[in-house]
Amino acid sequence: MVSGGSHDESLLLSRAVKNARIADERRCPVFMPFMDAHTCMVLSEHLKREYAHNCLLYGGWDDSERMMAGFFPYDMMPDVTSDKSSYFPIRWILIKGHGYASLDHRDFMGGLLSSGIKREVLGDILTSSSISGDSDVVEENAAYAAVFDMNGMASYIADNIVKIGNSGVSITLCNEGFVPDVKRSFDMLSVPVSSLRLDCVVAELTGLSRADSKDAILKGCVNVDHVPAERPDRQLAENSVISVRGFGKYKFVSVTGQTRSGRMRTEFLKYK
């Protein structure tokens, strides 16, 4: 979906308001394909300003980053809210790689997109390195992928994609209403910083110099809470999510104390 650009974003927001009205007037759900976290946030805020309260965001599991927008008649909202998996047209597929090659998130994503699948059709892709839990997805060379299953798209993917890169794969359709019993996996980092300025924190998280961190921010390579950061001197708040292009994504948990040298001791979660 839309990741930027004022014209495209305006079209998306106008379409969302229209969908909210159509869903209630015609008494039938209306859905928009998967969106990234930033677009979901912009859409949600816009709908609140327009007093359109019959939209729910859902990506197929509780910790979704990519989500669909579903618009429902107002009298359906309590039922949908309590059981989203039964109302959203999301179907999970299980992809298993065969052979000796080790496949990761980038491989699964690249393989699906190179097969002609549009990004907006795909939600989160969960691999063994990014989640924890008792599910079979924890095994190596496997991934769950959420699919916007309009017009049988999940079945099409399962029937037509047999290779990712040079590795053969098998794709299985999960049962309707299936939700992976998994949680995101993180590494806990203890990071001493001289201040909570964004450029200072980025330098400590990535190992870049302070000057290079500032340059990365000014070039648009750093997002805070899914929005490109513009000011290197921005002060971080707890629970902020920071993405640094080429280095990964982090969540600022808290300040836990001071080091002997007087620096702040902070805790971050690094997404796997």
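Caption draft 1: Representation of the overall build of the chain within the structure. Assigned secondary structure in the chain consists of seven helices and 16 strands. Relative to the 2.2 N^0.38 estimate, which gives 19 Å for 272 residues, the radius of gyration of the chain is 21 Å and therefore close to what a compact globule would have. If one aligns the C-alpha atoms of the chain with their principal axes, the spans along those axes are about 60 × 55 × 35 Å. Looking at the chain alone, contacts between residues at least 24 apart form 60% of all its contacts between residues at least 6 apart.

Caption draft 2: Spotlight on the sheet that holds strand β11 (residues 186–193). Pairing is antiparallel across the open sheet formed by six strands, whose spatial order is β11-β16-β15-β14-β12-β13. Across the chains shown, the open sheet's two edge strands, defined by having one partner strand only, are β11 and β13 (227–228). The pairing of strand β12 (residues 222–224) with strand β14 (residues 241–244) spans three bridges and is classified as antiparallel. Residue pairing across strands places Asn223 opposite Ser243, the latter belonging to β14. Here helix α6 (residues 198–206) sits on the sheet and contacts β11, β12, β14, β15 (248–258) and β16 (264–271); the angle it forms with β11, its principal contact strand, is near 125 degrees.

Caption draft 3: Representation of helix α2 (residues 37–49) within the structure. For α2, built from 13 residues, the straight-helix expectation of 18 Å at 1.5 Å per residue is met to within 8% by its first-to-last C-alpha distance of 19 Å. Listed as buried for α2 are Ala37, His38, Thr39, Cys40, Val42, Leu43, His46 and Leu47. The N-cap residue of α2 is Asp36: its side-chain oxygen and the backbone nitrogen of His38 are 3.3 Å apart. The first or second residue beyond α2 is Tyr51, which carries a positive phi of 60 degrees.

Caption draft 4: Just the pairing of strand β5 (residues 122–127), in detail. Counting buried residues in β5 gives six out of six residues, a clear majority hidden from the surface. Across four bridges, β5 lies against strand β7 (residues 142–148) in antiparallel orientation. Looking across to β7, one finds that Leu126 is bridged to Tyr144.

Caption draft 5: Seen up close, the packing of aromatic side chains. Within this structure, the stated rule accounts for eight aromatic pairs. Every member of this aromatic cluster is reached through a ring pair, and the members are Phe31, Tyr58, Phe72 and Phe88. Directly above the aromatic system of Tyr271 lies the positively charged group of Lys249, at a separation of 4.5 Å from the ring centroid.

Caption draft 6: Highlighting the pairing of strand β2 (residues 55–58). Of the two faces of β2, the one holding Cys55 and Leu57 and the one holding Leu56 and Tyr58 are both buried throughout. Pairing of β2 with strand β3 (residues 67–71), which is carried by four bridges, proceeds in the antiparallel orientation. Across the sheet, Tyr58 pairs through a bridge with Met68, a residue of β3.

Caption draft 7: Inspection of the sheet that holds strand β8 (residues 163–164) at higher detail. Spatially, five strands are ordered β5-β7-β4-β9-β8 in an open sheet, and the strand pairing comes out antiparallel. Two strands lie at the open edges of the sheet, namely β5 and β8, each paired on one side alone. Pairing between strand β4 (residues 90–97) and β7: seven bridges, direction antiparallel. Note on β7: the bridge partner recorded for Ile90 is Phe148. Of the strands in this sheet, β4, β5, β7 and β8 are in contact with helix α4 (residues 105–114), which crosses β5 at around 145 degrees. Taken strand by strand, helix α5 (residues 153–160) contacts β4, β5, β7 and β9 (167–173), and its axis lies near 145 degrees from that of β9.

Caption draft 8: Broad picture of the side chain of Arg184. If you trace the backbone, Arg184 turns up in strand β10 (residues 182–184). Classification of Arg184 as buried rests on a relative accessible area of 16%. Here the side chain of Arg184 touches Asp63 through a polar contact of 3.3 Å, landing on its backbone oxygen.

Caption draft 9: Examining unusual backbone geometry more closely. Here Arg27, not a glycine, exhibits a phi torsion of approximately 55 degrees, which is positive. Non-glycine residue Asn151 carries a positive phi angle of around 60 degrees. Mapped onto the secondary structure, Asn151 falls in the loop between β7 and α5. What makes Asn151 exposed here is its relative accessible area of 84%.

Analysis parameters
- Residues numbered from 1 in each chain as written.
- Predicted model: local features only at pLDDT ≥ 70, side-chain atom pairs only at ≥ 80, totals over all residues.
- Heavy atoms only, no water.
- Helix = DSSP H or I, 4+ residues; strand = E, 2+ residues; numbered from the N terminus.
- Rg over C-alpha atoms; globule rule 2.2 N^0.38 Å.
- Contact = heavy atoms within 4.5 Å.
- Pairing = 2+ DSSP bridges.
- Axes fitted to C-alpha atoms, helices over the stretch in contact; angles between N-to-C directions.
- Expected span 1.5 Å × (residues − 1).
- Buried < 20%, exposed > 50% of the residue type's maximum accessible area, 1.4 Å probe, protein only.
- Polar contact = N/O pair within 3.5 Å; in protein donor to acceptor, adjacent residues only side chain to side chain.
- Phe/Tyr/Trp six-rings, centres within 6.5 Å; stacked < 30°, edge-to-face > 60°.
- Lys NZ or Arg CZ within 6 Å of the ring centre and 35° of its normal.

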